[in-house]
Each structure stands twice: as structure tokens, then as C-alpha cells.
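Per-entry structural report
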Amino acid sequence: MIITRNIEEFNQARGNLSNSIGFVPTMGALHEGHISLIKQAQEDNDIVIVSIFINPTQFLEGEDLETYPRREQGDIEICKRAGVDILFMPNISDMYSSDELKILAPLKAGYILEGESRAGHFDGMLQIVMKLLNLVNPTKAYFGKKDAQQLSLIKKMVKDYFIRVEIVACNIIRDNQGLALSSRNIYLNPSQKITALKLSNSLNVAVKSIWQGELEVDKIKDIMVNVLDGVTKIEYVEIVDYEFRAIDKIKINNTIILVACFVGDTRLIDNIWI
Ligand code: PAF
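Below is a short write-up of the structure. (Residues numbered from 1 in each chain as written. Predicted model: local features only at pLDDT ≥ 70, side-chain atom pairs only at ≥ 80, totals over all residues. Heavy atoms only, no water.)

So, about the nonpolar core. Ranked by internal contacts, the top residues of the largest apolar core, which has 33 residues, are Ile 49, Leu 126, Val 129, Leu 133, Ile 154 and Ile 167. For this core, the secondary structure elements donating two or more residues are helix H1 (7-14), strand S2 (21-26), strand S3 (47-52), strand S4 (86-88), helix H6 (121-136), strand S5 (140-144) and helix H7 (148-160). At 10 residues, the largest contribution of residues to this core is made by H6. If you look at the next biggest cluster of nonpolar residues, it comprises 24 residues, including Leu 188, Val 207, Ile 220 and Leu 268. (Core = buried A, V, L, I, M, F, W, Y, C linked by side-chain atoms within 4.5 Å. Buried < 20%, exposed > 50% of the residue type's maximum accessible area, 1.4 Å probe, protein only. Helix = DSSP H or I, 4+ residues; strand = E, 2+ residues; numbered from the N terminus.)

Spelled out as C-alpha cells, the structure:
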């Protein structure tokens, strides 16, 4: 595996590779979810590139930028073991200059749900993803469905800006109790981990109600809120179509059920695609 720590080193390694390239952008603290993206990228492509960059512009004032888990050595080992070809680990000064052009999230889809709770987060996320896609110039780039709105906005940016890449959506990976894997799960103590299972439980109960014939969005949301009783704070329980438009009734094969909650000080999200 070639490890590159700045743009020059990366460009040298990336060179004029004409093979198909699968790209997995990450913020590190890699877990089985990231490994599943890497595996998918390997299946689909000749070369796999992973980036690790904790992007400051997607963290809001008061969020966990300073404490976000940093595990450089462990991440390098994980990438080596997974058979990654090129690892890109730039510094902030490699990725940002002063007085930059800004990418703004779309005013409708970018400022609801996560975009409403974390106003500005998607601007920074899209900005770094645009930079990374331009730099890496991959054939396909891989993102998890856990960050469903992020995935949808990246697809929209790629379409709106005519970026030549295929965005591949990968399934959510869960632990054996159902908790969706996230780098932030390490903030949870054992009792909070049990409370955190209420997120996936609420989604499972919603799906069960749908298969039993309940299609009214408001009723399903009420059922979910009941299951979530005991979390520190519910930020939202929402049901939308695959374009993130509000719906009144569940549409099979075109519905995402989303939940965001605080458990203690840790903000968790989860979702399920129907
Ligand atoms: O999902 C993430 O880890 C980040 O938002 C991403 C896509 C790597 C951009 O910083």
C-alpha cells in the first residue's frame, strides 16, 4: 500500500493510472462499515484509493471536531490488511487555502433534517467531497446509506456539476445487536449503548407495522416516537421518499425512514430504506 500525505505525493502515486479506480473517502476511525465499502470498491475496480481526512468545514461550532476519534496507526493497518492500494492522508493546509470558493448545499434538500439540525454541515461536506473527487478522479466512489441525506446530496452535486464519477450506495453495517456502525459509537458507555439500540428498534417496529398494513406516515412516526422513549433527545423522526420529499403515505420501494437522537451527548442517526 502506498501512503501519501500531501497532494504532491498523492499525484505521484495516482499518476496516469488508466485502470478503473474505486474511491472510498473517510474521516478515519475505520470500522466494519468502512471495510465493507473498501471490499465493494475492490470487487468493482482494479485499484482502490481510500482517503482519511477529518474535514473541519463540516463540523459546526461546539461539535466534536477536537475530540473526533483519531487513530492513524490503526487505520493504516486496517487499510493494509484490507488490501487498499493508495491511502491519502492530507493535512488541512493541503486541502484548503484562504478565501476559497464555496459550495453550498441546495436550499431545499440541503436544509431539512440533518441540514436543519446541523445548518452548514452539508456545505462543508460537499466542498470536501468535490475537492476529493476532482483530485482522485475515480471511476466510482463509495458512500454508506447510513448517511442517507449526505449520499443523496452528493449524487445531486455530481449530477448538477457534471462530475464524471458513479456514486455507489452501500448498505448499512450493524453490530450483532442492530446498532448501526459509526465512528462516534465509541463515545457511548455500556448503558448508553443499550439505549442507542432504540434507534434501530424504532426502525424495525416501523417496518413491522408497514408489513402489517399501516401506511400512514404520521401513525408510523407516533409508533417510533414511543419506542424511542428513554433517549436523551429526539432530534427528528422523519419519513421521506428517495428524493427526500415529504410523503403522507409509505411508498414501497421509494421510502426512507430516518431517525436522529442524542444518547447522552452523542448524536446518533439511523435509517432504513423501504
Ligand atoms: O461520511 C464521511 O465520513 C464524511 O462526511 C466524508 C464523506 C468523508 C466527507 O468528509
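The strand order across the open sheet formed by 3 strands is S7-S8-S9, and the pairing between neighbours is antiparallel. Every interior strand has two partners, whereas the edge strands, strand S7 (233-240) and strand S9 (266-273), have only one. Strand-to-strand twist across the sheet, computed as the mean angle between neighbouring axes with direction ignored, equals 10 degrees. Packed onto the sheet, helix H8 (residues 190-211) meets strand S8 (256-263) and S9 and runs at close to 160 degrees relative to S8. (Pairing = 2+ DSSP bridges. Axes fitted to C-alpha atoms, helices over the stretch in contact; angles between N-to-C directions. Contact = heavy atoms within 4.5 Å.)

Bringing the environment of Val 158 into the picture now. Following the sequence through the fold, Val 158 ends up in helix H7. Ignoring sequence-local partners within four residues, the contact set of Val 158 consists of Leu 133, Ile 163, Val 165 and Ile 167.

Moving on: the site of the ligand. The environment of the ligand is made up of Pro 25, Thr 26, Met 27, Asn 55, Gln 58, Met 125, Ile 128, Val 129, Phe 143, Asp 147 and Gln 150. The side chain of Gln 58 places a nitrogen or oxygen atom 2.6 Å from an oxygen atom of the ligand. A distance of 2.8 Å separates an oxygen atom of the ligand from a polar side-chain atom of Gln 150. In isolation the ligand offers 290 Å² of accessible surface; the protein chains occlude 88% of this area. Mapped onto the shell around the ligand, the elements with two or more residues apiece are S2 and H6. In terms of residue count, the dominant contributor to the shell around the ligand is H6 (3 residues). (Near = heavy atom within 4 Å. Polar contact = N/O pair within 3.5 Å; in protein donor to acceptor, adjacent residues only side chain to side chain. Areas by Shrake-Rupley, 256 points an atom, 1.4 Å probe, with all protein chains shown as cover.)

Take the packing of H8 against helix H9 (residues 217-227) next. It is at 9 Å that the axes of H8 and H9 come closest, and there the two elements cross at 145 degrees. For H8 against H9, the interelement crossing comes out right-handed. Here Lys 198, Asn 201, Ser 202, Leu 203, Val 205, Ala 206, Ser 209 and Ile 210 of H8 lie close against H9, whose contacting residues are Ile 220, Ile 223, Met 224 and Val 227. A breakdown of the residues in the contact of H8 with H9 according to their chemical character gives 8 nonpolar, 3 polar and 1 charged. (Left-handed = near helix turned anticlockwise from the far one by under 90°. Nonpolar A, V, L, I, M, F, W, Y, C, P; charged D, E, K, R; others polar.)

Attention shifts here to the state of the cysteines. Within the structure shown, the criterion is met by 0 disulfides. No disulfide involves Cys 79; its nearest neighbouring cysteine sulfur is the one of Cys 170, lying 15 Å away. Judged by relative accessible area, Cys 170 falls into the buried class, the value being 7%. (Disulfide = S-S within 2.5 Å.)

Turning our eyes to something else, we now look at the side chain of Ser 182. Turning to its location among the elements, Ser 182 is positioned in the loop between strand S6 (166-170) and H8. When residues no more than four places from it in sequence are discounted, the contact partners of Ser 182 are His 31 and Lys 146.

Strand order in the open sheet made by the 6 strands is S1-S4-S3-S2-S5-S6, with parallel pairing throughout. On the outer flanks of this sheet lie strand S1 (2-4) and S6, each paired with one strand and no other. Ignoring which end each strand starts from, the neighbouring axes of this sheet average 25 degrees apart. By the bridge criterion, 2 bridges tie S2 to S5 in an arrangement that is parallel. The partner of Phe 23 across the bridge, within S5, is Ala 141. Contacts from helix H2 (residues 32-44) reach S2, S3, S5 and S6 within the one sheet, and its direction differs from that of S5 by about 155 degrees.

Looking now at the side chain of Asp 123. Within the secondary structure, Asp 123 is located in helix H6. For the buried Asp 123, no salt bridge exists, and the shortest N-O distance to an oppositely charged side chain is 9.1 Å, to Lys 102. Residues in contact with Asp 123, not counting those within four places in the same chain, are Ile 103, Leu 104, Ala 105 and Tyr 111. (Lys, Arg positive; Asp, Glu negative; His and termini not counted. Salt bridge = Lys/Arg side-chain N within 4 Å of Asp/Glu carboxyl O.)

Spacing of three or four residues puts side chains on the same side of an α-helix, whose turn is 3.6 residues. Turning to helix H3 (residues 72-82), its buried residues are Asp 75, Ile 76, Ile 78, Cys 79 and Ala 82. Each buried residue of H3 sits inside an arc of 160 degrees when the element is viewed along its axis, so together they form one side. Turned more than 90 degrees off the buried face of H3, the exposed positions are Gln 73 and Arg 81. Contact partners of the buried residues in H3: S1, H2, S3 and S4. Directly beyond the C-terminal end of H3, a positive phi value near 85 degrees is found at Gly 83. (Arc of directions from axis to C-beta.)

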